[in-house]
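Working through the structure, step by step
Chain residues, written in single-letter form:
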Amino acid sequence: SLLGVKTAGEKGFPVGKVNFLHLYPLTFFEFLSALGQEKLRLFLEEYHSYEPIANPLHEKLLQLLKFYFFIGGMPEAIAKWVETKNPMDSFLVHQSLADTYKQDFEKYAKKHQLKYLNVLFDQIPYFIGNQFKYSEIHGEYKKRELAPCLELLCHANIIHKILHTAGNGLPLGAEINLEWFKIIFLDTALCQAVIGSDLSPWFLDPKATFINQGSVVEAFIGQELLCYSMPQRKMNLYFWKREQRTSNAEVDYLYDYKGQIIPIEVKSGEGSTLKSMHLFLEEHKKSPYGVRFSTHNYSSIGNVDSRPHYAVASLAHEEQREALQSLIES
């Protein structure tokens, strides 16, 4: 819904008379349920070890995650996949959704904003995973023209900012740099559809595709982190970056988990180099450990926990864990 665009410009909004729940695409766990893979979802929900799981099971979960990357979490796209097992049917749903969003801009946005909203909607998917700069938007546009429309897209939850923070303490938002941010799209599959990505590599060579689509994988992790947050308040995503002449370092996400700041690195393949994470942990003694998400199986070495991409729910907040458990029990 683009209600966020509408309410962002409203005056005299009825404070105290409206309750908000922030909704996101279906998670990978919910995707498993839609596919009838309840046993797998139950296994993942109850798995709390760092010991590797059986390799055939690990490979099967990576295969199902591959499907999620091009089907995404939009309910109708998943319903089509369950019904026909034809990815083109889901792709057509994504195309329809993208067109509908753009048509809805005309209902909720001001007339002079329509051009900039459309430009941002079409071009933002190309910047996923990179620090966003208004100057890189193609065309003769100024920041003062684009920035308000970018905020409207954030209000509507079409995009989500990943804000830079120093990460020295909680709340993470206390040390943000407003000029440094990255952006992820509402849904990874919808994002790929907007730019017309070829989906066939996900079928033909999924492991290579994981490696070559690093920005998509990074966006998926952010999307899952948002989904497993409390729905009563809008959660912000954060990253850490240090730029020095002698040492540049960047951690993909900083996450407040049970009152501790956890650095998260996302590797599109198995991933081995974690220099930035180790540097962060060395400089931030209050962070007890880091988490790497990759195609690698479960493991733990020193103060780094390695978890597969499909296990983001292991970082779900307690309220969401209770919701996941209730889904399993029902």
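Right, let's walk through the structure included here. This structure is a prediction, so every number in the text was calculated from the model and none was measured.

Cut-offs and rules
- Along each chain, residue indices are assigned from 1 in the same order as the chain's sequence is written.
- Per-residue local features of the predicted model are confined to residues with pLDDT of at least 70, and side-chain atom pairs are confined, for both listing and counting, to 80 or more; whole-chain, interface and lining totals are unaffected and use all residues.
- Water and hydrogen atoms play no part in the side-chain values, which are based on all heavy atoms of the structure.
- Residues enter a nonpolar core if they are buried and are Ala, Val, Leu, Ile, Met, Phe, Trp, Tyr or Cys, with the set joined through side-chain atoms within 4.5 Å.
- Exposure classes here rest on a 1.4 Å probe applied to the protein chains alone. A residue is buried below 20% of its type maximum, exposed above 50%, and partly exposed in between.
- Helix numbers and strand numbers start at the N terminus; a helix is a DSSP run of H or I with at least 4 residues, a strand a run of E with at least 2.
- A pair of aromatic rings is counted whenever rings of Phe, Tyr or Trp (Trp by its six-membered ring) have centres within 6.5 Å, and the orientation is called stacked for planes under 30 degrees apart, edge-to-face for over 60 and tilted otherwise.
- Whether a charge sits over a ring depends on NZ of Lys or CZ of Arg being within 6 Å of the ring centre and within 35 degrees of the ring normal.
- What makes a salt bridge here is a side-chain nitrogen of Lys or Arg within 4 Å of a carboxyl oxygen of Asp or Glu, nothing more.
- Being paired, for any two strands, means DSSP has found at least two bridges between them.

**Quick notes on the nonpolar core**
- In this structure, Ile124, Phe132 and Tyr310 are the most contacted members of the largest nonpolar core, which totals 95 residues.
- Here the element with the most residues in this core is helix 4 (residues 55–71); it accounts for nine residues.

**Some remarks on the packing of aromatic side chains**
- Going through the model one piece at a time under the given rule, you end up with 22 aromatic pairs.
- Note on Phe28 and Tyr68: the rings are 6.0 Å apart at their centroids and 85 degrees apart in plane angle, and the pair reads as edge-to-face. A residue pair is termed long-range when its members are at least 10 positions apart, and Phe28 in helix 2 (residues 28–34) and Tyr68 in helix 4 qualify at 40 residues.
- Pairing Tyr68 with Phe220 gives two aromatic rings, centres 5.7 Å apart and planes at 65 degrees, and the pair type is edge-to-face. Residue Tyr68 is located in helix 4, and its partner Phe220 is located in helix 12 (residues 214–227); the two are separated by 152 residues in the primary sequence.
- Note on Tyr68: relative accessible area 0%, which makes it buried.
- Taken together, the ring pairs in this structure connect Phe28, Phe31, Tyr68, Phe69 and Phe220 into an aromatic cluster.
- Over the face of the ring belonging to Trp180 we find Lys241, whose NZ or CZ atom lies 5.6 Å from the ring centre.

**Examining the pattern of salt bridges**
- Overall, the coordinates contain nine salt bridges when judged by the stated rule.
- Note that Lys102 and Asp122 form a salt bridge whose closest N and O atoms lie 3.0 Å from each other. On the criterion of sequence distance, the pair formed by Lys102 in helix 6 (residues 87–108) and Asp122 in helix 7 (residues 114–123) is long-range, its members being 20 residues apart.
- The exposure class assigned to Lys102 is partly exposed, which follows from its relative accessible area of 24%.

**Quick look at unusual backbone geometry**
- In this model, Leu170 is joined to Pro171 through a cis peptide bond whose omega is -5 degrees.
- Note on placement: Pro171 falls in the loop between strand 1 (159–165) and strand 2 (176–185).
- Backbone geometry at Lys85 places phi at a positive 55 degrees, although glycine is not the residue there.
- As for its placement among the helices and strands, Lys85 is situated in the loop between helix 5 (75–84) and helix 6.

**With respect to the pairing of strand 1**
- Along strand 1, seven of the seven residues are buried, which leaves the element largely enclosed by surrounding structure.
- Here strand 1 shows two buried faces, one formed by Ile159, Lys161, Leu163 and Thr165 and the other by His160, Ile162 and His164.
- When strand 1 meets strand 2, the two strands line up antiparallel, connected through seven bridges. Looking at strand 2, one finds that Thr165 is bridged to Ile176.
- Two elements, strand 1 and strand 3 (residues 237–243), share three bridges in a ladder whose sense is parallel. Bridge pairing in strand 3 places Ile162 opposite Leu237.

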